[in-house]
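# Structure at a glance
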Amino acid sequence: MWSWAKRQLLGFWRILRRPSRHYSLGFLTVAGFVVGILFWGGFNTALEATNTETFCTSCHEMRDNVFQELKSTIHYTNRSGVRATCPDCHVPHNWTDKIARKMQASKEVWGKIFGTINTREKFLDERLILANHEWQRLKANDSLECRNCHNYDSMDLTRQASRAAQVHKLWLGSGEKTCIDCHKGIAHRLPDMTEIPQG
Amino acid sequence: MRNKPWKTIGLALLLVLVFAAGWKIGHAPRTGIAPKAPPMPVDARAIFVPESGQIDGLRRGVPVDQEGHPPPIARVENADLKRVRAYPMQPPTIPHAIDGYQVDKNSNRCLLCHARANAATFQAPPVSVTHYMDRDDQFLATISPRRYFCNQCHVVQTDAPVLVASQFRDIDSVMAQPATPASASPGPAEPRQPSSAAPPAAKE
């Protein structure tokens, strides 16, 4: 059994190492190029397909917990009709960060397969840990995902509620705090916050 | 059936006739009544119905067989301007919108800004010291559990029309009342009356 597999592999390796007999170098280069484009396109398409609200809410863990809660918030429906979908807040736009986040997400797939949060109770138990990851990420990147849509420089403070304007000017204008410092729980219900500093 | 198609056609015709008759009968009385009812101007906000002299919060005087316009949804006042308290111990009303604020066992969004420790950061009035006292007047380090759910006492105000006009007058306006009704009131009011009238007179 083992020797057979080894022989097959060695044979394959030998074919790979031999210079091409039938195809010209030009053909191989062009073919490699075309296949490369197809692969790259397919990869990015697959990546985009996992970057939608439909995909994120296709598993019951997300659909029955965080999605239900998001639905009643301003980021799901509002007077301007702009919806923030899950990847808007949870997946970086920049390519390298996006890939890094997707690789992290493989762990979440692992969690899905082994049912770490497959009931509401288990989810609530894990929630503080999950939320903490997001807070740390947003704190570290200065709430980049929020700022993709909300830009302090484009905020018309005179049109905000006066307390919001005052506080934003004081802490955002000076750059001392970032959105997630004060706006935890903007899209989902918060876990037990007893030990978590807010504001 | 298959070899007698006229039977099917006859049945279908009969059905159509029955339907038409039912349609006619069903509709006739309604067209008869509608003109009789006067075209009622349905003011959506008329909660107090003058003719019947009573409050009708649900139908707002619209007859049961008619449909009124729903009143516009009242907006929560969000001007951040503190309101006068009607009496000294009144829990102040909330001068801003509180949509989506999570106040439960896990987190209290009100205390994010109104807790003693955060009040300076958010330039918000901190909750009163009484809220840190238990019912034996002992001070606690954190908000007393009986004060935790802010909305039990503090509420937002909307621009909805008032259902019942309030006759309430606060103590200042009662005391500032002109002297005439005081004659009807019992003794103790009398000695004070000249004294309260005196200062303005002196100024003049």
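A brief structural summary. (Residues numbered from 1 in each chain as written. Chains lettered and ligands numbered in written order. Predicted model: local features only at pLDDT ≥ 70, side-chain atom pairs only at ≥ 80, totals over all residues. Heavy atoms only, no water.)

## With respect to the interface of chain B and chain A
The condition that has to hold: In this analysis, two residues are considered to be in contact whenever any of their non-hydrogen atoms come within 4.5 Å of each other. A quick way to say it: buried area is the sum, across both parts, of accessible area lost when two parts are put together, with a 1.4 Å probe. A pairing counts as a salt bridge when a side-chain nitrogen of Lys or Arg comes within 4 Å of a carboxyl oxygen of Asp or Glu. Strands here are runs of E lasting at least two residues and helices are runs of H or I lasting at least four, both read from the DSSP assignment and numbered beginning at the N terminus. Three categories are distinguished: nonpolar for Ala, Val, Leu, Ile, Met, Phe, Trp, Tyr, Cys and Pro, charged for Asp, Glu, Lys and Arg, and polar for the others, with Gly belonging to the last.
With 16 residues of chain B at the interface, the matching set in chain A holds 19 residues. Of the roughly 1400 Å² buried where chain B meets chain A, counting both sides, 42% is carbon and sulfur surface. For the pair chain B and chain A, the interface holds 2 salt bridges. Two residues, A:Arg163 and B:Asp80, come together in a salt bridge whose shortest N-O distance is 3.3 Å. Those elements giving two or more residues to the side of chain B that touches chain A turn out to be α2 (109-114) and α3 (119-122) of chain B. When grouped by side-chain class, the residues that make up the side of chain B that touches chain A number 5 nonpolar, 8 polar and 3 charged.

## Structural notes on the packing of helix α4 (residues 60-71) of chain A against helix α7 (residues 120-140) of chain A
Residue and element names in this part refer to chain A. Stated precisely, the cut-off is as follows: In this analysis an axis means a line fitted to C-alpha atoms, helices contributing only their contacting stretch, and an angle means the value between N-to-C directions, from 0 to 180 degrees. For classification, angles of less than 35 degrees are called roughly parallel, those exceeding 145 degrees roughly antiparallel, those between 65 and 115 degrees roughly perpendicular, and all remaining angles oblique.
The N-to-C vectors of α4 and α7 enclose an angle of 70 degrees; their axes lie 10 Å apart at closest approach. Between α4 and α7, the interaxial angle falls into the category roughly perpendicular. Each of Asp64, Asn65, Val66 and Glu69 in α4 lies in contact with α7, whose residues at this interface are Arg120, Phe123 and Arg127. Tallied by class, residues from the contact of α4 with α7 come to 2 nonpolar, 1 polar and 4 charged.

## With respect to the pattern of salt bridges
Residue and element names in this part refer to chain A. Rule in force here: The rule is simple: take the accessible area with a 1.4 Å probe, protein chains only, and divide by the maximum for that residue type; under 20% is buried, over 50% is exposed, in between is partly exposed.
Inspection of every chain in the model, using the stated rule, returns 12 salt bridges over all chains. The salt bridge involving aspartate 181 is made with lysine 139; its shortest N-O contact spans 3.0 Å. Placement of aspartate 181 in helix α10 (residues 179-182) and of lysine 139 in helix α7 is noted, with a sequence separation of 42 residues between them. With a relative accessible area of 45%, lysine 139 lands in the partly exposed category. Salt bridges sharing partners connect three or more residues here, namely Glu69, Arg120 and Arg127.

## A word on a nonpolar patch on the surface
All names here are of chain A. Which entries qualify depends on this criterion: Grouping into patches uses exposed residues only, defined as over 30% relative accessible area, and leaves out salt-bridged ones; the cut-off is 9 Å for like charges and 5 Å for nonpolar side chains (Val, Leu, Ile, Met, Phe, Trp, Tyr). Here the open area of atoms and residues is found with the Shrake-Rupley method and a 1.4 Å probe, where only the protein chains shown may cover a residue.
Side chains of Val30, Phe33, Val34, Ile37 and Leu38 sit close together on the surface and give an oily, nonpolar patch of about 530 Å² of accessible area. Residue position: valine 30 is located in helix α2 (residues 25-49). Valine 30 sits in the exposed class, given a relative accessible area of 53%.

## What to know about the nonpolar core
All names here are of chain A. Stated formally: What we call a nonpolar core is a set of buried Ala, Val, Leu, Ile, Met, Phe, Trp, Tyr and Cys residues that are connected through their side-chain atoms within 4.5 Å.
The biggest cluster of nonpolar side chains holds 7 residues, and these are Ala131, Trp135, Leu138, Ile180, Leu190, Met193 and Ile196. For this core, the element with the highest residue contribution is α7, accounting for 3 residues. In contact with leucine 138, other than residues within four places in its own chain, are Ser143, Glu145 and Ile180.

## Comments concerning the environment of A:Ala187
Residues and elements named next belong to chain A. Mapped onto the elements, alanine 187 comes out in the segment after α10. In this structure, the C-alpha to C-alpha distance between alanine 187 and threonine 96, residues 91 residues apart in sequence, is 26 Å. Filtering out sequence-adjacent residues up to four positions away, alanine 187 remains in contact with Glu69, Leu70 and Thr73.

## Here we look at the packing of aromatic side chains
We count it as follows: Ring geometry is summarised as follows: Phe, Tyr and Trp rings, the Trp one being its six-membered ring, pair when their centres sit within 6.5 Å, and such pairs are stacked at plane angles under 30 degrees, edge-to-face over 60 and tilted between the two. A positively charged side chain is recorded as over a ring if its NZ (Lys) or CZ (Arg) lies within 6 Å of the ring centre. The angle to the ring normal must also be within 35 degrees.
Summed over all chains, the structure comprises 6 aromatic pairs over all chains. Where B:Tyr148 meets B:Phe149, the ring centres are 5.1 Å apart and the plane angle is 85 degrees; that geometry is what we call edge-to-face. Overall, the relative accessible area of 41% leaves B:Phe149 in the partly exposed class. Following the ring pairs from residue to residue traces out a cluster consisting of A:Phe39, A:Trp40 and A:Phe43. Here A:Arg83 stacks its cationic end above the ring of A:Tyr76, 3.7 Å away from the centre of that ring. Its end group placed over the ring of B:Tyr101, B:Arg109 keeps NZ or CZ at 5.5 Å from the ring centre.

## Examining the packing of α2(A) against helix α6 (residues 95-114) of chain A
Residues and elements named next belong to chain A. Using the following cut-off: When the near helix sits turned anticlockwise from the far one by under a right angle, the crossing is termed left-handed; a clockwise turn instead gives a right-handed crossing.
It is the contact of α2 with α6, at a shortest axis distance of 12 Å, that shows an interaxial angle of 65 degrees. When the interaxial angle is binned, α2 and α6 end up roughly perpendicular. α6 is crossed by α2, and the crossing has left-handed handedness. Judged by residue contacts, Trp40, Phe43, Asn44, Leu47 and Glu48 of α2 engage Trp95, Lys98, Ile99 and Lys102 from α6. Classifying every residue of the contact of α2 with α6 gives 5 nonpolar, 1 polar and 3 charged.

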